[in-house]
Each structure stands twice: as C-alpha cells, then as structure tokens.
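Below, each chain spelled out in residue letters.
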Amino acid sequence: MAGFPTVRLRRLRGSEAVRRLAQETRLSPSSFVYPLFVTEAEGAATPIEPMPGCYQLPVSALADEAREVASLRIPAVLLFGLPNEKDGVGTQAYAPTGVVQEAVRAIKAAVPGLAVVTDVCLCEYTDHGHCGILDGATVDNDATLELLAKAAVSHAEAGADVVAPSAMMDGQVAAIRSALDASGFEDTPVMAYASKYASAFYGPFRVAADSSPQVGDRRGYQMDPANARMAMRELEQDAAEGADILMVKPALAYLDVLRQAREAFPHPLAAYNVSGEYSMIKAAGQLGWLDEGRVAMEVLTAIRRAGADILITYFAKDVARWLQREE
Ligand code: PBG
C-alpha cells in the first residue's frame, strides 16, 4: 500500500472548490422537518423562553408560518398542540376540532404542498402529563392504544400527511396502522418514534408544550439511555408493525444508535435533534462562547453522517437561510 509521501491526504483540502467536491455529507433543507407548537389560546405568538427563536403559535398565525417554511424549501412541519383543556384521558388529543386538527386544516388550506406531520401522543392533553392513560400509578399500555389510534385517525381526517406516534406504548404502530386502514387512510404513512429514550434533553420541550408529568417520570415507557441493543428491538418491532419511517430520538448523544439503525434497516431514518440540543447551542451562542451557526451546521452534518435521512430540528429555518447564503 502506498503511503506518504505518495499519499498526501491534504491534497483534497487545498481549496474551497476541491473541498466541496470531496464532501461526503451535504446538508440540504430537503431533509428538514420543522417542529411547530400550536396553541389553542388566541392572541399573539408567545416566545418559548428556553428555546430562543421558537414560539407558541395561535392557529391564526399558521398560514404565514407555513408560507415562510415552504419558501425556505423545507418540505415538512411537525405539529404539537397546546389545548385549552386537559383531562385524565386526553380528550383533546382526538377531538375532531382539537387544536392540532384545526392547525392541520389551516396549514393545508394555506400551503397544500407543505407536508404536515402530527405528533401522536397524549402527554400534552392529559392533566397528569403522562403519554397514556393511568391505571393507578402506571400507564395502561393497552387501554392507551385505542386513544392513540383515535388521535391518529382524527389527524388524518383533518388532512395530515404523516402521523408520528411518540408515546412509546408497545403495539402503538400496529394499532394506528390498522385504525388508519379501517378508516380509508391506507396511504397515510406512519413515522414511528421507534427508539425514543427517557432523556433530560427534552427539558425545554416540556416547557414549550406544557407536558411535564405531574407525578413520576417517563422511564416506565421510554428507553434507558444506557441501552443500544434494546433500541434495535424497538426498531424491529415498529418495522414489523408497519412503520414507514423509523426514528431515533434524541440525536446527538445517540449517534451510535443511528449508525446501527442505518445498517440494520432500509427504511428512511429520521433523527430528532431535540429541544435540549437546540437550547444548549443557542445559550452558548448568546453568551458568545460558541459560534451558534457553525456549531449547528456541524451537529446536523454529523447526524446526517451517522445515517439519518430526515432531520427534525428547531434549527431548520435558520440553517435553510444560512445554506442559501452559502450558495
Ligand atoms: C411526546 C414528545 C416529547 C418530545 C417529542 N414528543 C416529549 C417527551 O417525550 O417528554 C420531545 C421533543 C424535544 O425535546 O424537542 N409527545
């Protein structure tokens, strides 16, 4: 094998143009999904303190927001709802006129070509803040399935393009798939939050979505961050249940899991660059300790390099703008 001085790896790093040619992983807005928090409360957009640049938006603001996202060539948004009323069984999660259902209608009416993905979970809609309904102190898996299925069908009826179950109940993909099929939505894809960890990186999101569990935590259903083999079992289950897109969440601390998922499954693979990953970079950027833009691009490139096709990120609009400037 030839070595130095015949081989000089720096030859491909000598100029911007050659570096561009040699680049293995490229960021493009086409892989981005931009999450939106939609509130049923009327009035102005409310800034989310731990997530600078993100807002709780009233339904009336969504048409403009959707046009902005589409103009940046981002193909999809992911919706989370903040209902006015919560109860023990998360009624507003599957109400035909719930906040997410209305949000889907508003976005599809304004920008039909923008794909709308909906988060399917109960935690934003239950007064106890858990992702399913409670039986005593534990979340009742099987009783929750029916409600998640109802929520998914109500999203599809409102016009959602993709539904994304995130409750980490066993059997949720199968339950949703069969309910969608029975309701005439056999062509609506399921993006499964398949390998979702019980992560402290969700902290800012729980402020944004007002969805912290009032008692206990989510470790009874979300995965232990120490486990990678278990992630493969979760992914296998969701694939077997008919998931069209598989997700690993969070992204940055789980790049090994993403890589393994990439090698084991041919499905499109999504990575969720979650709220805490965003907040850390924003905060350090505001303090002048990091170059926010460069760090964000580096992190998203690394998540792509690890194997993700789809990047769900609060940086989507910023990075789409930065990429435009580079061209
Ligand atoms: C649950 C859900 C959560 C996130 C997405 N869907 C919160 C949780 O499981 O506690 C977190 C996303 C983020 O932190 O950006 N509906």
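Participant: Give a description of the environment of E241 that names residues and reports values.
Facilitator: Turning to its location among the elements, E241 is positioned in the loop between α7 (229–240) and β10 (245–249). Residues E241 and A174, 67 residues apart in the sequence, show an inter-C-alpha distance of 4.8 Å. Setting aside its immediate chain neighbours within four residues, E241 contacts G171, Q172, V173, A174 and R177. In this structure the side chain of E241 is engaged in a polar contact, spanning 3.2 Å, whose partner is the backbone nitrogen of V173. At 2.9 Å, the side chain of E241 forms a polar contact with the backbone nitrogen of A174.

Participant: I'd like a description of the environment of V162, backed by residues and values.
Facilitator: With respect to the helices and strands, V162 occurs in strand β8 (residues 162–165). Once the C-alpha coordinates of V162 and F201 are considered, the two residues, 39 residues apart in sequence, prove to be 25 Å apart. Every residue in contact with V162, bar those within four places of it in the chain, is listed here: V116, V117, T118, T188, P189 and M191.

Participant: Before we move on, can you summarise helix α3 (residues 99–110) with the specific residues and values?
Facilitator: For an α-helix, 3.6 residues make a turn, and residues three or four places apart therefore share a direction. Under the 1.5 Å per step criterion, the end-to-end length of α3 is 17 Å for 12 residues, consistent within 8% with the ideal 16 Å. Among the residues making up α3, those that are buried are V99, V100, Q101, A103, V104, I107 and K108. On its buried face, α3 sits against β1 (32–39), α2 (62–71), β4 (76–82), β5 (115–120) and α4 (141–158).

Participant: Before we move on, can you summarise helix α9 (residues 275–286) with the specific residues and values?
Facilitator: The end-to-end C-alpha separation of α9 is 16 Å, in line with the 16 Å expected for 12 residues at 1.5 Å each. Residues S275, G276, E277, Y278, S279, I281, K282 and A284 constitute the buried set of α9. Of the residues trailing α9, G288 is marked for its positive phi of about 80°.

Participant: Describe the site of the ligand, and please don't skip the residues or the numbers.
Facilitator: Neighbouring the ligand are 18 residues; K196, R206, K249, S275 and Y314 lie closest to it. For the ligand, a nitrogen atom lies 3.2 Å from a polar atom in the side chain of E124. One of the side-chain nitrogen or oxygen atoms of Q222 is found 2.8 Å away from an oxygen atom of the ligand. Of the residues contributing to the shell around the ligand, the split by class is 9 nonpolar, 3 polar and 6 charged.

Participant: I'd like to hear about the pairing of β1, residue by residue, with values.
Facilitator: By the criterion of burial, β1 is predominantly enclosed, with 8 of the 8 residues buried. Burial along β1 is two-sided: the residues F32, Y34, L36 and V38 and V33, P35, F37 and T39 are all buried. Pairing analysis gives 7 bridges linking β1 to β4, with the strands arranged parallel. Looking at the pairing, F37 lines up with F80 of β4. Here 3 bridges tie β1 to strand β3 (residues 55–58), and the two strands are oriented parallel to one another. Paired with V38 across the two strands is L57, which belongs to β3.

What counts, and where the lines are drawn
- Residues numbered from 1 in each chain as written.
- Predicted model: local features only at pLDDT ≥ 70, side-chain atom pairs only at ≥ 80, totals over all residues.
- Heavy atoms only, no water.
- Helix = DSSP H or I, 4+ residues; strand = E, 2+ residues; numbered from the N terminus.
- Contact = heavy atoms within 4.5 Å.
- Polar contact = N/O pair within 3.5 Å; in protein donor to acceptor, adjacent residues only side chain to side chain.
- Expected span 1.5 Å × (residues − 1).
- Buried < 20%, exposed > 50% of the residue type's maximum accessible area, 1.4 Å probe, protein only.
- Near = heavy atom within 4 Å.
- Nonpolar A, V, L, I, M, F, W, Y, C, P; charged D, E, K, R; others polar.
- Pairing = 2+ DSSP bridges.

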